[in-house]
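Below, each chain spelled out in residue letters.
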Amino acid sequence: MRLSLLKNKLMISKKRLAKNNEAKMVIHNALPRKEYERIFMCNTAKEIWKTLLITHQDSSQVKDNKIDLLVQQYEQFVISEDESIDSAFARFNTIITSLKALDEGYSSKNYVRKFLRALHPKWRAKVTVIEESKDLTSLSLDELIGNLKVHEMIIKKDSEIVKAKVERKSIALKAKKESSDEECLTSGSEDEEYAMAIRTKELLSEALGAIAVKKMMKRSKMKRVL
């Protein structure tokens, strides 16, 4: 009796082992190599299933956290005053590409409107022109970026022209000031020389007058002696 029960248990164990091995084989064949590396140490199909369930539950949570972070970055995206369109688009594209990779994203129309809203207030006039002249529902993000880059080049060129004019004016004013300073210096020197000449003349006249007085006094004395 005991031997019969033992044989039955052994048969059941063998069947369970066979089914477990068969289930493991099916799972192994169905999994990509990356997943297989996670479960190859598991002994039973049940352990494999539990490991995969925990792993993918964690992965799902990580994915949701990444999406939340990227959505926050997207909503808070702004472009600074001195940032170029190329630089701003590179940052923006990184965010939307990452969202797409996680099966999350917005419509092309939303991308266009978001980028326009993110521009610095100095672009307000250009944004108004685009909104009035373009159909934002059909305008692609690439077309918008191209339009903004052309405007950016025009602004840069105009700024360089204005800067050059200011520099030329500054140089002219500086040259005029230096010329005026030289004239003042020359005029001052001439005035000083003239004053010295007048003073020398006065001193000479005083000296000659004194000599003449002495001569007259000497003549007068001689007359008295005679």
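Refer to the preceding data block for the structure.
What counts as what
- Numbering of residues starts from 1 in every chain and runs along the sequence as written.
- A pLDDT threshold of at least 70 governs which residues receive local features in this predicted model, and a stricter bar of 80 or more applies before side-chain atom pairs are shown or counted, although totals over entire chains, interfaces and linings include all residues.
- Side-chain numbers come from the whole structure's heavy atoms, not from hydrogens or water.
- Secondary structure elements follow DSSP: runs of H or I no shorter than four residues count as helices, runs of E no shorter than two count as strands, and numbering proceeds from the N terminus.
- Whether a residue is buried, partly exposed or exposed follows from its accessible area with a 1.4 Å probe, protein chains only, as a fraction of its type maximum: under 20%, in between, or over 50%, in that order.
- The contact criterion used is simple: two residues touch if any of their non-hydrogen atoms lie within 4.5 Å.
- Per-residue and other accessible areas were derived by the Shrake-Rupley procedure at a 1.4 Å probe size, with only the shown protein chains allowed to occlude residues.
- Side-chain rings of Phe, Tyr and Trp, where Trp is taken by its six-membered ring, are said to pair if the distance between their centres is within 6.5 Å; with planes under 30 degrees apart they count as stacked, over 60 as edge-to-face, and otherwise as tilted.
- Between the first and last residue of a helix there are one fewer steps than residues, each counted as 1.5 Å, and that sum is the expected span.
- Note that the arc is defined by the directions from the helix axis to the C-beta atoms.
- Note on terminology: a nonpolar core comprises buried Ala, Val, Leu, Ile, Met, Phe, Trp, Tyr and Cys residues joined through side-chain atoms within 4.5 Å.
- We define a salt bridge as a side-chain nitrogen of Lys or Arg found within 4 Å of a carboxyl oxygen belonging to Asp or Glu.
- Lines fitted to C-alpha atoms define the axes, with helix axes restricted to the stretch in contact, and inter-axis angles between N-to-C directions lie between 0 and 180 degrees.
- Crossing handedness is read from the near helix: turned anticlockwise from the far helix by less than a right angle, it gives a left-handed crossing, and turned clockwise, a right-handed one.
- Residues are grouped as follows: Ala, Val, Leu, Ile, Met, Phe, Trp, Tyr, Cys and Pro are nonpolar; Asp, Glu, Lys and Arg are charged; all remaining types, including Gly, are polar.

(A) Spatial organisation of the overall build of the protein chain. In terms of regular secondary structure, the protein chain is built from seven helices and zero strands. The order of α-helices and β-strands along the protein chain, N terminus first, is α-α-α-α-α-α-α. When each of the 226 residues of the protein chain is scored for burial, the buried share is 17%. In the protein chain, of all internal contacts separated by at least 6 residues, the share reaching a separation of at least 24 is 56%. Here the protein chain displays about 18,200 Å² of accessible surface, and carbon together with sulfur accounts for 58% of that area.

(B) Just the packing of aromatic side chains, in detail. All told, the structure shown has eight aromatic pairs when counted by the stated rule. Between tyrosine 74 and tyrosine 106, the aromatic rings sit 4.3 Å apart at their centres with planes inclined by 10°, giving stacked as the arrangement. Highlighted residues: tyrosine 74 in helix H3 (residues 45–75) and tyrosine 106 in the loop between helix H4 (85–101) and helix H5 (108–118), separated in sequence by 32 residues. Classification of tyrosine 74 as buried rests on a relative accessible area of 1%. Through a chain of ring-to-ring contacts, the aromatic side chains of Tyr74, Phe77, Phe92, Tyr106, Tyr111 and Phe115 assemble into a single cluster.

(C) Structural context of H4. Relative to the 24 Å expected for 17 residues at 1.5 Å per residue, H4 spans 24 Å between its end C-alpha atoms, a close match to the ideal helical length. Listed as buried for H4 are Ile85, Ala88, Phe92, Ile95, Ile96 and Leu99. When H4 is viewed along its axis, its buried side chains cluster within an angular range of 105° and face the same direction. Opposite the packed face of H4, turned more than 90 degrees from it, sit the exposed residues Thr94 and Ala101. Downstream of H4 by one or two residues, aspartate 103 has phi in the positive range, about 60°.

(D) Summary view of the nonpolar core. By size, the foremost hydrophobic cluster in this structure holds 27 residues, and its most contacted members are Phe115, Leu119, Leu141 and Leu144. Among the secondary structure elements, those contributing two or more residues to this core are H3, H4, H5, helix H6 (124–133) and helix H7 (141–225). Per-element accounting of this core gives the leading share, six residues, to H4. Residues in contact with leucine 141, not counting those within four places in the same chain, are Phe89, Phe92, Ile96, Ser108, Tyr111, Val112 and Phe115.

(E) Examining the pattern of salt bridges more closely. Here the structure, examined in full by the defined rule, presents four salt bridges. Its salt-bridge partner being arginine 91, residue glutamate 83 comes within 2.9 Å of it at the nearest N-O pair. Classification of arginine 91 as partly exposed rests on a relative accessible area of 35%. In this structure, lysine 149 and aspartate 86 form a salt bridge, with 3.1 Å as the shortest nitrogen-oxygen distance. Taken together, the residues span a long stretch of sequence, with lysine 149 in helix H7 and aspartate 86 in helix H4 at a distance of 63 residues. Look at aspartate 86 and you get partly exposed, because its relative accessible area is 43%.

(F) Seen up close, H6. Taken together, the buried positions of H6 are occupied by Lys126, Val127 and Ile130. Buried positions in H6, seen along its axis, are confined to an arc of 100° and lie on one side of it. Among the exposed residues of H6, those pointing more than 90 degrees away from its buried face are Arg124, Ala125, Glu132 and Ser133.

(G) The arrangement of the environment of leucine 141 in detail. Tracing the backbone through its elements, the reader meets leucine 141 in helix H7. In this structure the C-alpha to C-alpha distance between leucine 141 and phenylalanine 115, which are 26 residues apart in sequence, comes to 8.5 Å.

(H) Layout of the packing of H4 against H5. Running from N to C, H4 and H5 cross one another at 145°; their axes reach a closest spacing of 12 Å. In the crossing of H4 with H5, the sense of the turn from one axis to the other is right-handed. Along the contact surface, H4 presents Ala88, Phe89, Phe92, Ile96 and Lys100, while H5 presents Tyr111, Lys114 and Phe115. Here the contact of H4 with H5 is composed, by residue class, of six nonpolar, no polar and two charged.

Note that all results are geometric; they support no functional claim without further evidence.
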